[in-house]
Amino acid sequence: MQIIDPTSGEDELIRLLLKRQSELNSLLEITRAINKNTSTTVLIQMLEVIMQNYLHIGKFRFLIEKEGGYSCISKYGGVIEHISVLHHACVKLKIKSPTALSGVTNPVLRDYDYFIPIYHKSKALAFVLIGDFNTSEEMVSNDLNFIQTLINVIVVALENKKLFRERLESERFHREMELAVEVQNMLIPLRVHKETSVEVGAKYLPHQNIGGDYFDFIRLNDHEFLWCIADVSGKGMSAALLMANFQASLHAWSAVEDDLTNIIDRLNQKVVSNTKGERFITLFLAKYNEQTRKLNYVNAGHNPTILFCNGRAITLKLGTTMIGAFEELPFLNEGEIDLEPNSLLINYTDGLLDFEANGSKIWNEERLIDFVMEHHNLSPDRFNQALMDYLNLVIKGKPIDDITLLTLRIF
């Protein structure tokens, strides 16, 4: 007759209770670490300690979803497989619950005992492979569920860390854009300026809140003034700061330097020094003397200004290449023109010609000159508005870049 030891059942119950207590303690430690915002590295180290020392798992692989693929963030034991091979093997299983891998023919997976997936709805967030795992038949289901719960807690914590970083980055980006807009608004002068000898109208339309365009009108003395229109490469705070530095340099050098070529050369040196050749600026810089009626200008790789005078329109192209691209400008020429009374000058950035055309009409520099010929009698401000209305109603194009118009009537 078989003798049943009544204490064996009690011992098994005590072992089970102790095991459950250890599981709860492990989850508690992990949760505390997460609440303290412990680093990902430390969380993974804690997980590996639990896997090795408490559950006695000899081989472990932990893959987590990252940018459309999967990255192995924890591994120990056995021969380390290539991540792409491991990734494809896990994805092909399409299993949504902890599963034994006995009988699997895949050469990678057959070296493991169990496969544990972590899903959110229909999306696989993570996979875990464990091997060299010796546990009793009575406890295997409990152990696998515990591992799945533990991994799920860590995956959620890592996902929350990711979302928090993305939110901080988004907030930082938006604040940077706000600061860039504030900087740029301080740089952009009044849109309309009128004197007895000159009338200025300007229109600035940034494509996405903050652009890289810049324009300025500077009265030098009683009989001379200078203007500039420029396009800084790039967007955001760095472009705005470069623009601010450019404006300060332009004002400083134009106050002490009469020669436009010297001003351009010094501006180029300043931009190269500030950006190390990583950014550049195209610009049109001009100076007008009301006594001599001479216009001097330099076009530095910019869209040519259109001058309407005596019934014809010409483009002002003489100058140099963009500034900031070369330590020494390869060539530098200054243009000079005698202006007749009532001359109209249209300065613009390349955004004025860069449209996604929805209508049948083609829009280019030639069509812009035709428009100038037809509307040259308008005041600068009305000319700018008429041109924008024409683009919206006739060309029906969609702007793809910043648009800046700086139009001058010289009497």
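Cut-offs and rules
- What you see as residue numbers is a count from 1 along each chain, following the sequence as written.
- Since the coordinates come from a predicted model, pLDDT governs what is reported: local features require at least 70, and pairs of side-chain atoms require 80 or more to be given and counted, while whole-chain, interface and lining totals use all residues.
- As a convention, hydrogens and water are excluded, and side-chain values are obtained from all of the structure's heavy atoms.
- Numbering of helices and strands runs from the N terminus, with a helix taken as a DSSP run of H or I at least four residues long and a strand as a DSSP run of E at least two residues long.
- Any residue under 20% of the maximum accessible area for its type is buried, any over 50% is exposed, and the rest in between are partly exposed; the area is computed with a 1.4 Å probe on protein chains only.
- We call two residues in contact when some of their heavy atoms are within 4.5 Å.
- Accessible surface is estimated by sampling points in the Shrake-Rupley manner with a 1.4 Å probe; for residues, cover comes only from the protein chains shown.
- The rule for pairing is simple: two strands pair if DSSP sees at least two bridges between them.
- Angular values range over 0 to 180 degrees, each being the angle between N-to-C directions of two axes fitted as lines to C-alpha atoms, with helices fitted over their stretch in contact.
- By definition, the arc is the one covered by directions from the helix axis to the C-beta atoms.
- The term polar contact refers here to a pair of N or O atoms within 3.5 Å; inside protein, the definition further demands a hydrogen-donor-capable atom paired with an acceptor-capable atom, and it admits residues adjacent in sequence only when both atoms are side-chain atoms.
- Any carboxyl oxygen of Asp or Glu within 4 Å of a side-chain nitrogen of Lys or Arg constitutes a salt bridge here.
- Per-residue confidence from the predictor is reported as pLDDT, which spans 0 to 100.
- With a 1 Å grid spanning the protein atoms alone, the term cavity applies to any set of points in which a 1.4 Å probe fits but cannot get out, the term pocket to an open set with protein on both sides within 12 Å along at least five of seven lines, and the term lining residue to any residue with an atom within 4 Å of a point.
- Grid points are joined across faces, edges and corners, and a volume is the space filled by probe spheres set on the points.
- In this classification, the charged set is Asp, Glu, Lys and Arg, the nonpolar set is Ala, Val, Leu, Ile, Met, Phe, Trp, Tyr, Cys and Pro, and all remaining amino acids, among them Gly, are polar.
- Working rule for helices: expected span equals 1.5 Å times residues minus one.

Chemist: Just give me the short version of the overall build of the protein chain, but keep the residues and values in it.
Modeler: Of regular secondary structure, the protein chain possesses 8 helices and 19 strands. The buried share of the protein chain, reckoned over its 411 residues, is 45%. At a minimum sequence separation of 6, the contacts of the protein chain that also span at least 24 residues come to 65%. Carbon and sulfur atoms provide 51% of the accessible area of the protein chain, an area that totals close to 21500 Å².

Chemist: So what's going on with the environment of Leu242? Residues and values would help.
Modeler: Within the secondary structure, Leu242 sits in helix 5 (residues 236–256). What makes Leu242 buried here is its relative accessible area of 7%. Separated by 37 residues in sequence, Leu242 and Arg279 place their C-alpha atoms 9.0 Å apart. The residues contacting Leu242, other than those within four sequence positions of it, are Val232, Thr275, Arg279 and Ile281.

Chemist: Now, about the sheet that holds strand 16 (residues 343–348): what can you tell me, with residues and values included?
Modeler: Across a sheet, paired strands are connected by hydrogen bonds in the backbone, their directions being either parallel or antiparallel. Pairing within the open sheet is antiparallel, and its 6 strands lie in the order 6-7-19-16-12-13. Of all strands in the sheet, those with a lone pairing partner are strand 6 (192–194) and strand 13 (312–316), marking the two edges. Sheet twist, expressed as the mean angle between neighbouring strand axes with direction ignored, is 15°. In this sheet, strand 7 (residues 198–205) lies alongside strand 6 in antiparallel orientation, the contact comprising 3 bridges. Opposite Lys194, over in strand 7, you have Glu199 as the bridge partner. Against the sheet, helix 8 (residues 380–395) touches strand 6, strand 7, strand 16 and strand 19 (403–410), its axis set at about 30° to strand 7.

Chemist: Give me helix 7 (residues 365–375): which residues, what numbers.
Modeler: Structural remark: α-helix, 3.6 residues per turn; residues separated by three or four positions point the same way. Looking only at helix 7, the buried set comprises Leu368, Ile369, Phe371 and Val372. Angular distribution of buried residues about the axis of helix 7 spans 155°; they occupy a single face of the element. Projecting away from the buried face of helix 7 at angles above 90 degrees are the exposed residues Glu366 and Glu374. Lining the buried residues of helix 7 we find strand 12 (305–309), strand 13, strand 16 and helix 8. Where helix 7 begins, the capping side chain belongs to Asn364, and its oxygen is found 3.2 Å from the backbone nitrogen of Glu366.

Chemist: So what's going on with the pattern of salt bridges? Residues and values would help.
Modeler: Summed over all chains, the structure comprises 7 salt bridges. The salt bridge partner of Glu29 is Arg32, with a shortest N-O separation of 3.4 Å. Taken together, the residues span about one helical turn, with Glu29 and Arg32 both in helix 1 (residues 6–35) at a distance of 3 residues. Since its relative accessible area comes to 40%, Glu29 is described here as partly exposed. Arg32 gets classed as partly exposed once you look at its relative accessible area, which sits at 43%. Via salt bridges that share partners, Glu195, Arg219 and Glu290 belong to a single interconnected network.

Chemist: Could you give an account of the pairing of strand 9 (residues 224–232), naming the residues involved and the relevant values?
Modeler: Burial analysis of strand 9 places 9 of its 9 residues in the buried class, the great majority of the element. Neither face of strand 9 is open: one carries Glu224, Leu226, Cys228, Ala230 and Val232, the other Phe225, Trp227, Ile229 and Asp231, and all of them are buried. Note that strand 8 (residues 213–219) and strand 9 share 7 bridges and pair antiparallel. Paired with Phe215 across the bridge in strand 9 is Ile229.

Chemist: Before we move on, could you go through the confidence of the model for the protein chain and cite the residues and values that matter?
Modeler: Summary statistics for the protein chain give a mean pLDDT of 86 and a share of 89% for residues scoring 70 or more. Here strand 17 (residues 355–357) stands out as the least confident element of the protein chain, with mean pLDDT 67; strand 11 (residues 294–300) is the most confident, with 98.

Chemist: Go over the layout of surface pockets with me, naming the residues and quoting the values.
Modeler: The calculated volume of the largest pocket comes to roughly 540 Å³. Along its surface, the largest pocket is lined by 19 residues, and Ile64, Glu65, Leu158, Glu159 and Lys162 are the ones closest to its centre. The leading source of residues in the lining of the largest pocket is helix 4 (residues 137–187), at 9 residues. In the lining of the largest pocket, the residues fall into 7 nonpolar, 3 polar and 9 charged.

Chemist: For the environment of Asn377, give the residues involved together with the corresponding values.
Modeler: Inspection of the secondary structure assignment puts Asn377 in the loop between helix 7 and helix 8. Residue class for Asn377 comes out exposed when judged on its relative accessible area of 65%. Distance from Asn377 to Arg409, taken between C-alpha atoms, is 9.7 Å for residues 32 residues apart in sequence. Reaching out from Asn377, the side chain makes a polar contact with the side chain of His376 at a distance of 3.2 Å.

Chemist: Can you tell me about helix 8, naming the residues and giving the values?
Modeler: The end-to-end C-alpha distance of helix 8, which contains 16 residues, comes to 21 Å, matching closely the 22 Å that a straight helix rising 1.5 Å per residue would cover. The complete set of buried residues in helix 8 reads Pro380, Phe383, Asn384, Leu387, Met388, Tyr390, Leu391 and Ile395. Angular distribution of buried residues about the axis of helix 8 spans 150°; they occupy a single face of the element. Exposed side of helix 8, more than 90 degrees from the buried face: Arg382 and Leu393 are the residues found there. Phi turns positive, to about 55°, at Lys396, one or two residues after helix 8.

Chemist: Could you give an account of the sheet that holds strand 2 (residues 69–76), with specific residues and numbers?
Modeler: Strands sit in the order 2-1-5-4-3 across an open sheet of 5 strands; the sheet is antiparallel. At either end of the open sheet lies a strand with only one pairing partner, and these are strand 2 and strand 3 (99–100). The pairing of strand 1 (residues 57–66) with strand 2 spans 7 bridges and is antiparallel. Across the sheet, the residue bridging to Arg61 is Lys75, located in strand 2.

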